[in-house]
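# Report on the structure
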Amino acid sequence: MLILKNVRLYGFSKDPNSNDALAIQNGLITAIGRLEDVLSISDRKSEIMDLHGKTIMPGFTDSHLHLQLLA
């Protein structure tokens, strides 16, 4: 399991500061919330990565189209 801590999460709450951690297991988001809550589902094998306040937007997919090329 990968735990991302000290993150700014957008898309899950009106207040982006209300959740500061995210857990990922087998390529799926398994938990979002306060660090203490997310750590409660971790184990000794979990990797914890500090993102130092970086912003992430889980589920956001950028198809990266150049619209002028579609005309």
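Computed from a prediction, not measured in an experiment: that's the story for all the values here.

## Quick notes on the pairing of strand β4 (residues 28-33)
Where strand β3 (residues 21-25) lies against β4, five bridges are found, and the strand directions are antiparallel. Of the residues in β4, the one forming a bridge with L22 is I32.

## Side note on the pattern of salt bridges
Under the definition given, this model contains one salt bridge. Among the ionic pairs, D20 bridges to R34, the shortest N-O distance being 3.5 Å. Taken as a pair, D20 in the loop between β2 (8-9) and β3 and R34 in the loop between β4 and α1 (35-39) lie far apart in primary sequence, 14 residues in all. For R34, a relative accessible area of 35% puts it in the partly exposed group.

## Some remarks on the environment of I32
Topologically, I32 is positioned in strand β4. Residues I32 and N19, 13 residues apart in the sequence, show an inter-C-alpha distance of 6.7 Å.

## A closer look at the sheet that holds strand β5 (residues 47-50)
Pairing is mixed across the open sheet formed by four strands, whose spatial order is β4-β3-β1-β5. At either margin of the open sheet sits one strand with a lone partner, and together these are β4 and β5. Within the sheet, the average angular offset between the axes of one strand and its neighbour, ignoring direction, is 20°.

## Thoughts on unusual backbone geometry
Of all residues except glycine, most have a negative phi; of all peptide bonds, most are trans. The residue N6 is not glycine, and still its phi comes out positive at about 60°. The residue N6 is located in the loop between β1 (2-5) and β2 in this model. For N6, a relative accessible area of 38% corresponds to the partly exposed category. A positive phi angle is found at H52, which is not glycine, with a value near 50°. With respect to the element layout, H52 can be found in the loop between β5 and β6 (55-56).

Parameters at a glance
- Per chain, the residues get numbers from 1 upward, laid out in the order the sequence is written.
- Two thresholds apply to this predicted model, a pLDDT of at least 70 for residue-level local features and 80 or more for giving and counting side-chain atom pairs, whereas whole-chain, interface and lining totals are computed over all residues.
- Calculated side-chain values reflect all of the structure's heavy atoms, with hydrogen atoms and water omitted.
- Here, strands pair whenever DSSP counts at least two bridges between them.
- Going along the chain from the N terminus, every DSSP run of H or I of four or more residues is numbered as a helix, and every run of E of two or more is numbered as a strand.
- Within this document, salt bridges are pairs made up of a side-chain nitrogen of Lys or Arg and a carboxyl oxygen of Asp or Glu, the two lying within 4 Å of each other.
- The rule is simple: take the accessible area with a 1.4 Å probe, protein chains only, and divide by the maximum for that residue type; under 20% is buried, over 50% is exposed, in between is partly exposed.
- The axes used here are C-alpha line fits, helices contributing only the stretch in contact, and every angle between their N-to-C directions lies in the interval 0 to 180 degrees.

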